[in-house]
Amino acid sequence: MDLQDKEMKVVLFLPRLDPGSGGDDQRPPLQLLALSGILLDKFSIVTIDAAIEDNYKGLVIQHCETAVCLGISCILGYQVYDGADVAREVKKRFPALPIVFGGWFPTVRPNIFFKEGIADVVVRGHGEKTFLEVVNSFVKGIPLDNIQGIIYKKNDEIITNSERLLVDMNELPQMPYHLIDYERYISSSSYDRMKSNIRRRNSLLDRIGLPRIDPNIKTRTLHYFSSWGCPDNCTFCCSPGVTKRRWTALDPLRMVNEIEGLIKKYDFNFVSFCDANFGVSEKRVKKFCEELLKRDLKLNWIATAEARSIERYGTDTLDSMAQSGCFAIFIGAESACMETISLIGKHITPEEIEISVDRLTRKGILPLVSYVIGFPGESLNGINCTLEQICKLYLKYPEMLARIFVYFPLPGSFSYSLAIKSGYVEPKTVEDWGSIRIDLINDSITHESTEKDALIRKIIKLRDSYLYWGFNVRWERPRRHIMGRLLERSARFRVRNRIFRFPVEFWLYDGLRKIYNGFSITKGVISKAT
């Protein structure tokens, strides 16, 4: 059957992040909704999210029988393998059906998909307008030659068209949330996870004398994009290479209009902004907060911002954030060593990290701070400086949450070539790329030196024992047994005095747990909690 004779239907598929990622506690497929909005005027859209569908391969094949094309989005890890596996089956059943891959991984490694014979087109970067033009070309049977932002195969030749600049988000329609059953993304497990952060923030609010949040609130979270891209030039991140350091953001009035409508429809009380860098424009943030207050919208919201942004915001802006329901801010600190900060292209200082945490806590906003250790070329002193700041901040601001990750080389990032020189071996096939486990890459090792790797392993153990038991377990398990309370006191003593050798109390507890159920702290089983 010719494409022009088919139903005007486009199938969009999001593969699983890992083999066991089905079930509840999943985020909605915003990347599919972003593509869908601009297509809805001309096409019927079927979105299939493997995270919540057991028979997702069967559903894709079923709908592809009458579709004009299949679009697949994926990032690094199992999604690459899963997406390729489904694409192979579709090509086998419907060899004439065009398949389009998109997402940041196909953007930076497009040839893999052509080599496997599973892609007709790869869309590079944010592809809303690009994908619409591609689908229109399929339907009308016209060449792809003049479409910006794609790589495609023509007569066994791979052709790369000119790039498309990041599109202004305000030119695109609202994401069509009605295309998915949002109730399937609101689960008891996500509520349980939020309870620990609610306890954490209520303790902060008590300490500074502000009203508490209802501890029994049933969180219903809207996941929402208000901006794309990031103007920063972090060398370990793939965003500078994919978006060319461009940043586009929705007008704050449009944001509030959309959020208010979604709250009325779905009864949301939390908004989680999925932006890479929500806080780029202080003017936009302040106007957004003022509009929330003007409309008296009762919600809590969580977003990302750079330490330097928070350090430089006016007091009136921070007041507006707190009053409008800002629950927490994710800060990408990455390192507390100026040498490392310069190495990775960050434009902050260790002092700005500390000031930003202080300013947020004084306003009752929970600081969630992420650090990365083990960058290519990072010194042992750099890693130790980061650990020192984490300990210092935890002791001064016990409600904050610090996440410590280990550097993993992302293809498309500027530091990727340095990782290759240090000994990292790039995967070659779809299966190799798909074998990378997203939930395990945070414990990767650098390959640079045994001394550096040993220090990183030491800090991973510190993260999973002293920092977890000293500062995080109380929020996750408020009713701790006596051994847990003793471990908490011991861990805090060790962090306060920087005594990390011979953790005999944890060895004892670990042994007792093994006797009962084979559970092990020291092997990092509880690391997911931190």
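Shown above is the structure to which this text applies.
Residues numbered from 1 in each chain as written. Predicted model: local features only at pLDDT ≥ 70, side-chain atom pairs only at ≥ 80, totals over all residues. Heavy atoms only, no water.

K.L.:
Describe the sheet that holds strand 4 (residues 99-102), listing the residues and the values that go with them.
P.N.:
Taking strand neighbours across the sheet as the criterion, the seven strands line up as 2-1-3-4-5-6-7 in an open arrangement whose pairing is mixed. Because the sheet does not close on itself, it has two edges, and the strands there are strand 2 (44-49) and strand 7 (157-160). When the angles between neighbouring strand axes are averaged without regard to direction, this sheet yields 20 degrees. Note that strand 4 and strand 5 (residues 121-123) share two bridges and pair parallel. (Pairing = 2+ DSSP bridges. Helix = DSSP H or I, 4+ residues; strand = E, 2+ residues; numbered from the N terminus. Axes fitted to C-alpha atoms, helices over the stretch in contact; angles between N-to-C directions.)

K.L.:
If you had to explain the pattern of salt bridges to someone new, which residues and values would you point to?
P.N.:
For the structure shown, the criterion picks out 31 salt bridges. Residue Glu-163 is joined to Lys-244 by a salt bridge in which the shortest nitrogen-to-oxygen separation is 3.9 Å. With Glu-163 in the loop between strand 7 and helix 7 (188-208) and Lys-244 in the loop between helix 8 (239-243) and strand 10 (247-249), the pair connects residues that are 81 residues apart, well separated along the chain. With relative accessibility at 38%, the residue Lys-244 sits in the partly exposed group. (Salt bridge = Lys/Arg side-chain N within 4 Å of Asp/Glu carboxyl O. Buried < 20%, exposed > 50% of the residue type's maximum accessible area, 1.4 Å probe, protein only.)

K.L.:
Explain helix 19 (residues 482-497) residue by residue, including any values.
P.N.:
The terminal C-alpha atoms of helix 19 lie 23 Å apart, and with 16 residues this matches the ideal 22 Å at 1.5 Å per residue to within 8%. Residues of helix 19 that are buried: Gly-484, Leu-487, Glu-488, Ser-490, Ala-491, Arg-492, Arg-494 and Val-495. Phi turns positive, to about 55 degrees, at Arg-498, one or two residues after helix 19. (Expected span 1.5 Å × (residues − 1).)

K.L.:
Please provide a residue-by-residue account of the packing of aromatic side chains, values included.
P.N.:
Per the stated rule, a full pass over the model turns up 28 aromatic pairs. Look at Phe-278 and Phe-288: their rings are 6.1 Å apart centre to centre, the planes differ by 75 degrees, and that puts the pair in the edge-to-face class. Placement of Phe-278 in the loop between strand 11 (270-273) and helix 10 (282-295) and of Phe-288 in helix 10 is noted, with a sequence separation of 10 residues between them. Classification of Phe-288 as buried rests on a relative accessible area of 1%. Above the ring of Phe-278, the side-chain terminus of Arg-284 is found at 5.1 Å from the ring centroid. (Phe/Tyr/Trp six-rings, centres within 6.5 Å; stacked < 30°, edge-to-face > 60°. Lys NZ or Arg CZ within 6 Å of the ring centre and 35° of its normal.)

K.L.:
Give me the lowdown on the environment of Ser-272, citing residues and values where you can.
P.N.:
On the secondary structure map, Ser-272 appears in strand 11. Judged by relative accessible area, which is 13%, Ser-272 ranks as buried. C-alpha separation for the pair Ser-272 and Thr-221, spaced 51 residues apart in sequence, amounts to 6.6 Å. If we skip the residues at most four places from it in the chain, Ser-272 touches Thr-221, Leu-222, His-223, Tyr-224 and Ile-302. (Contact = heavy atoms within 4.5 Å.)

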